[in-house]
Structure formats: structure tokens, C-alpha cells
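The primary structure of each chain is shown beneath.
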Amino acid sequence: MAAHVSPVQQGTYRLVRDIPVEEGYDLVVAGGGPSGAAAAICAAREGARVLLAEATGCMGGMATSGMVMSFAPMGDGSRCLAGGLIREVVDTLYKQGFLKPGLHPDVWSKIQGWVPFNAEGLKLLYDDLATAAGVEVRLFTQVIDADADPRRGQVNGVVIHDIEGYHYIRSRAFVDGTGNAELAALCGAPCREAGRDTPNIMPPTLISLFSGIDWRNFGKGSEALKKALADGFFKTPDPHLSGLGQVGQSIGFANAGHIFNLNALRVKSMTDGMMYGRKLAQEYVAYYRKYLRGCENLELACTAPLMGVRESRRIVGEYELDVVDFEARRHFPDQIALNNWPIDIHPYEPSKQAMARFEREFLGRRYKPGEYYGIPYGVLVPKGWKNLWVPGRCISVDIPVQSSARTGPVCSMLGQAAGTAAIQSIRTRRPAAEIDTEVLVATLRKAGAYLPQQATAKRMTHKN
Ligand SMILES: Cc1cc2nc3c(=O)[nH]c(=O)nc-3n(C[C@H](O)[C@H](O)[C@H](O)COP(=O)(O)OP(=O)(O)OC[C@H]3O[C@@H](n4cnc5c(N)ncnc54)[C@H](O)[C@@H]3O)c2cc1C
């Protein structure tokens, strides 16, 4: 296709190009992280024709390219709150030998325990699940624009870019699984931005992978950190260090080192952050070798290709789940996921006071075993939009709830609900905000979701 380029005028460069149109899709999913992959796989299992566009070379998002190799606890002390696809994923990783050596199924089916996994195993599994479901996966493919009508709340198509050029993809429904609400923002749906609409941005972490760890003689991270801080070892002393997590016989990943004041929605900030994160990883190599028993021969295998972004954009949805709901342990007739992870707002600065604030929130407001809150369907639907759903870490929530609900398992459940709702919406010809949520809950239950609410409702919950 020929490109016709106008001269640069007033600092902008106008690109006019004929773009091939592709059509026939029921659902286009932007981004293949835990939310997008689940949306695509579950919608395709319902018989829909689904295209998933993923910017990197694999599905899994933060859990693979971000190297966050551990699912947050899914059990509430006696039962598993996470059903459906994520439960299938964890059970299969276990059978295939891709979970942390020695991990017992009780850890995810009952206990409030972490589920560390090998990211290569998860990549393979998403490939298999998407292929078996019939999803058309396009890797190295970025959604770069949207053809949308904000007044009608309607998305007609998206523009994607890959090695072959630009393509316009027409579809009946769209799921934004980008983690940053990128598609929602391109459509003109209302969003809140960290740093613009909030005083602070939760700091991200560039995760790293290490080999050569002697896990049998592994020391206590909290004591090692205390000593290193007392010695003045770090250039930027950060009292909040999550530490090393075992994922294999001699390998582990480090969720270590916050990158303060980084704005994930600004290219320069992300570029500076990646460069700084790689330097920080070298400092942690020296720290682990010197202070942590079992790490004397540790080697840095790699840092993650994707920055570990905790917070960027959130949509303004039909329902905004907030800290009042969290405190009330509220359940909803149209809840599509359950969660009991605490408020987890990482300190905005590397100070003892900020750390104390974090601990007060995290420990002080933590749920007791057996308690959970529900996540209602409306958090997935941008206010006023008919055929767009936004699951994952950018749902419609306030900051405390975002910090609790952004875990991989919850994002997967939200994605499954988004994909399922999109297909129901197409089949019943009802816009996103008007689908029968009783039917949605029933479909999700049939697909394995654990949604124990006795009372269901035909209409989504709205705030009083
Ligand atoms: C540092 C860190 C540590 C964490 N620790 C844990 C933990 O221990 N346990 C846990 O359960 N959770 C943890 N989380 C949370 C969890 O990993 C993420 O919140 C979750 O993966 C978010 O899922 P998502 O699908 O919304 O987005 P992501 O996982 O971010 O996936 C988004 C995907 O979309 C793709 N994409 C983005 N834009 C486009 C575009 N325009 N076109 C095409 N593709 C695009 C990206 O490449 C990516 O693959 C952590 C998160 C971070 C950042």
C-alpha cells in the first residue's frame, strides 16, 4: 500500500495511508496478559471468532514477560476463591512440573499461600490453551489506534501494527487487556491516570531472574536486609524488599528494587526506568552474594523485558469498587470474581515512615481466613460504552482496591468474565451494561468459576 505523506505542518507530521481491512471477528482482544489471554481463550471456548493482538513475543504479560513468577494466594484458609481458567492453569502447571519444586496442591486450593511457577511453562501453556480454543493469536502486534464513537459508546474497529504494516480490524466486541487501559484511552473512554489524577504513582519494579542459588541453605531475607541497611550498603536504601522467590531447583526471581516516580504512561520515564532498573539489579547481585546465605554463587540470568508496572491508568466504569466496599467485605449478586488479598500500596518513597504506612495498611486491614470481597461486573464496563470491556489491573476501582485486586489470579478471573460477557452481549444483542448478569454468573459457574452468592440479579449492581 502506498503512503502519501503531507509536509510537516506546525510540528505534526500527517501520515495518510491505505490500510487493509480485515473483518469477520466477534471479539478482538488487545494484550495477552493474564486478563487478555483469559478473555480470548474463554470467549473462543464459547464458540466465538477471536483475534488476540499481543505486543511482545508471548502471552502472560507481567507473569511471563514481566517475570512476576508467582501467583498471589488464591485460597482463603480453607477453600480456593479462584476458579475457572486460572484454576485450570495452576492445576496443569502442577501436573506438567512447572510449579516450584515440592509445592503441594493444598497451597492454592486451601491455604493462603503463594504459587511460584516457571514462566517458560506458563508461556507454553497459554500457547496450548489459545491454540486448542481456536484463538487467532498475533504476537509482536500492537494495537495503536481505535475507530470509535464516544458519543454512542461504540467501537467499530482497531488499527494494529506488525512487521507487515498496518491493518484495520473490524469486530463486534473488544476487550482491552493491555493493563494500561490503552485501548479504552484510544477510544476516548474516561480514564484516571496515576500522577495526573492522583498525587503519587505506585513505584514499579524491574524483576530479575537469578541462578546458582542454594535453596537448601537459604538464609532469612529480613535479617540480611536489616544488616545491609544498617551497613549503608545500598545507594538508595529501600526498606521494602520483597526478596527472592524459588521457582526451580537453583533458580529464583527477585521482586526487588522500586523505581520511584516512574510514570508508565511516559516513554522517557519508562526508558530511564528500564536503564536504572538494570543498574539496580547489579546492586542486588552484590547484596545477595554478600548478605544472604545460599546466594554466595548467585548469578544474574536476566532482567525482565517488560517493566513491572503496578499502576498506570484505570477506567471510569459503570461501578467503581472502593475501599468502603473493601472494608465492608461486600458481596454482590453480580460478582464475577472473589478476592481476599490485602491493600498493597507500595511505599511512594524509600523512607521508614512510608514503610510504616504501608505495613499499617497491609497488615492492619488484612482479612481473616474465610473472609473475602466480591468484584461486581460493572467494574469491567467503561461508563456508557456498549461493546468494550476492560479487565485486569486497570478496572474501575479506587487506589486501595486496585492495589488489592491487581494480582494475576484476580486479573485472570476478570478477563474470563470480560470475554464471556462480550460473547453474551453479541448473542443477546444487548449492550455491555444491559446484559443479564444472572446468565453471566451461570455461564461462569458452568466454566468452573467459584461464585457462591445465593442471590443473583438480572441487572448489574450500580452505586446507590
Ligand atoms: C512488580 C510486580 C510484582 C507483582 N507481583 C505479583 C505476585 O507476586 N503475584 C501476583 O499474582 N500478581 C503480582 N503482580 C500483579 C500482576 O502480575 C499484574 O497486575 C497482572 O499481570 C496484570 O494483568 P493484566 O492482564 O491486566 O496486564 P499485564 O500482565 O500487564 O499484561 C498486559 C499485556 O498487554 C500487552 N500490551 C500492552 N499494550 C498493548 C497494545 N497496545 N497492543 C497489544 N498488546 C499490548 C503487554 O505486552 C502485556 O503482555 C505483580 C505486578 C507487578 C508489576
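Calculation criteria
- Residues numbered from 1 in each chain as written.
- Predicted model: local features only at pLDDT ≥ 70, side-chain atom pairs only at ≥ 80, totals over all residues.
- Heavy atoms only, no water.
- Near = heavy atom within 4 Å.
- Polar contact = N/O pair within 3.5 Å; in protein donor to acceptor, adjacent residues only side chain to side chain.
- Areas by Shrake-Rupley, 256 points an atom, 1.4 Å probe, with all protein chains shown as cover.
- Helix = DSSP H or I, 4+ residues; strand = E, 2+ residues; numbered from the N terminus.
- Nonpolar A, V, L, I, M, F, W, Y, C, P; charged D, E, K, R; others polar.
- Core = buried A, V, L, I, M, F, W, Y, C linked by side-chain atoms within 4.5 Å.
- Buried < 20%, exposed > 50% of the residue type's maximum accessible area, 1.4 Å probe, protein only.
- Contact = heavy atoms within 4.5 Å.
- Pairing = 2+ DSSP bridges.
- Axes fitted to C-alpha atoms, helices over the stretch in contact; angles between N-to-C directions.
- Left-handed = near helix turned anticlockwise from the far one by under 90°.
- Domains from an automatic or database assignment.
- Buried area = accessible area lost by both parts, 1.4 Å probe.
- Salt bridge = Lys/Arg side-chain N within 4 Å of Asp/Glu carboxyl O.
- Expected span 1.5 Å × (residues − 1).

(A) Expanded view of the site of the ligand. Residues in close proximity to the ligand total 36 residues, the closest being Ser-35, Glu-54, Ser-70, Ala-72 and Arg-406. Within the backbone of Ala-72, one N or O atom sits 2.8 Å away from an oxygen atom of the ligand. In this structure, Arg-406 approaches the ligand through a main-chain N or O atom, which is 2.6 Å from an oxygen atom. Surface burial for the ligand is 94%, taken as the share of its 1000 Å² of free accessible area covered by protein chains. Broken down by element, the residue count for the shell around the ligand peaks at 3 residues, all from helix H11 (residues 408-428). Of the residues contributing to the shell around the ligand, the split by class is 13 nonpolar, 18 polar and 5 charged.

(B) Broad picture of the nonpolar core. Grouped together as the largest cluster of nonpolar side chains are 114 residues, with contacts concentrated most on Tyr-288, Tyr-377, Leu-380 and Trp-389. Ranked by the residues each element gives to this core, the list is headed by H11, at 9 residues. Aside from chain neighbours lying at most four places away, what touches Tyr-377 is Asp-334, Ile-336, Trp-389, Ala-421, Ala-432, Ile-435, Thr-437, Leu-440 and Met-460. By size, the runner-up hydrophobic cluster in this structure holds 23 residues, among which are Val-143, Ile-169, Cys-191 and Val-390.

(C) Summary view of the pairing of strand E17 (residues 335-339). Within E17, 5 of the 5 residues are buried, which leaves the element mostly enclosed by the surrounding structure. Pairing between E17 and strand E18 (residues 373-376): 4 bridges, direction antiparallel. Paired with Ala-337 across the strands is Ile-375, a residue of E18.

(D) Molecular detail of the packing of helix H1 (residues 34-45) against H11. Relative to each other, H1 and H11 sit at 35 degrees, their axes nearing to 7 Å. Classified by chirality, the crossing of H11 by H1 is right-handed. Across the interface between the two elements, Pro-34, Ser-35, Ala-38, Ala-39, Cys-42 and Ala-43 from H1 touch Gly-408, Cys-411, Ser-412, Gly-415, Gln-416, Gly-419, Thr-420 and Ile-423 from H11.

(E) Seen up close, the environment of Pro-204. Position of Pro-204 among the secondary structure elements: in the loop between strand E11 (191-193) and strand E12 (208-211). Accessibility expressed as a relative area gives 2% for Pro-204, which makes it buried. The contacts of Pro-204, once residues within four sequence positions are left out, are Gly-257, His-258, Ile-259, Leu-262, Met-307, Gly-308, Val-309 and Arg-310.

(F) The sheet that holds strand E13 (residues 244-246), seen in detail. Pairing in this open sheet of 4 strands is antiparallel, and the strands run E13-E14-E12-E15 from one edge to the other. For this open sheet the edge positions go to E13 and strand E15 (299-303), each flanked by a neighbour on one side alone. Sheet twist, expressed as the mean angle between neighbouring strand axes with direction ignored, is 30 degrees. Both E12 and E15 contribute to a ladder of 4 bridges, which runs antiparallel. Each residue of the ladder has a partner; that of Ser-211, found in E15, is Glu-299. Against the sheet, helix H7 (residues 267-291) touches E12, E13, strand E14 (252-254) and E15, its axis set at about 155 degrees to E15.

(G) Main features of the domain arrangement of the protein. When cut into domains, the protein gives domain 1 (19-202 + 310-464) and domain 2 (208-303). Computed over C-alpha atoms only, the centres of domain 1 and domain 2 are separated by 28 Å. Across the contact, 25 residues belong to domain 1 and 22 residues belong to domain 2. Summed over both sides, the interface of domain 1 with domain 2 buries roughly 1800 Å², with 68% coming from carbon and sulfur. In this structure, the connection of domain 1 to domain 2 is made through 1 salt bridge. When the shortest N-O distance is used, the salt bridge between Arg-266 and Glu-193 registers 3.7 Å. Summed over the shared surface of domain 1 and domain 2, the result is 2 residue pairs in polar contact (both at pLDDT 80 or more). Of all the elements, helix H9 (residues 352-364) adds the most residues to the side of domain 1 that touches domain 2, at 3 residues.

(H) Seen up close, unusual backbone geometry. Despite not being glycine, Ala-181 shows a phi value in the positive range, around 50 degrees. Topologically, Ala-181 is positioned in the loop between strand E10 (165-176) and helix H5 (182-187). Of note in the backbone geometry, Arg-329 takes a positive phi value of approximately 50 degrees without being a glycine. Looking at the secondary structure, you find Arg-329 in the loop between helix H8 (323-327) and E17. Assessed through its relative accessible area of 25%, Arg-329 is described here as partly exposed.

(I) Spatial organisation of the pattern of salt bridges. Under the definition given, this model contains 27 salt bridges. We note a salt bridge from Glu-120 to Lys-123, for which the minimum N-O separation is 2.7 Å. Here Glu-120 pairs with Lys-123, and both are found in helix H4 (residues 119-133), just 3 residues apart, close to one helical turn. Relative accessible area serves as the criterion here: at 46%, Glu-120 is assigned to the partly exposed category. A salt bridge links Lys-463 to Asp-325, with the shortest nitrogen-to-oxygen separation between them at 3.7 Å. In this pair, Lys-463 sits in the segment after helix H12 (437-446) while Asp-325 sits in helix H8, placing the two residues 138 residues apart along the sequence. Through salt bridges with shared partners, one network takes in Glu-193, Arg-196, Asp-197, Arg-266 and Arg-313.

(J) Region of the structure containing the environment of Ser-351. Tracing the chain through its elements places Ser-351 in the loop between E17 and H9. Overall, Ser-351 belongs to the buried group, its relative accessible area being 16%. C-alpha separation for the pair Ser-351 and Asp-128, spaced 223 residues apart in sequence, amounts to 45 Å.

(K) The arrangement of H7 in detail. Its 25 residues place the ends of H7 35 Å apart at the C-alpha level, agreeing with the 36 Å of an ideal helix rising 1.5 Å per residue. Residues of H7 that are buried: Ser-269, Gly-273, Met-274, Gly-277, Leu-280, Ala-281, Glu-283, Tyr-284, Val-285, Tyr-287, Tyr-288 and Tyr-291.

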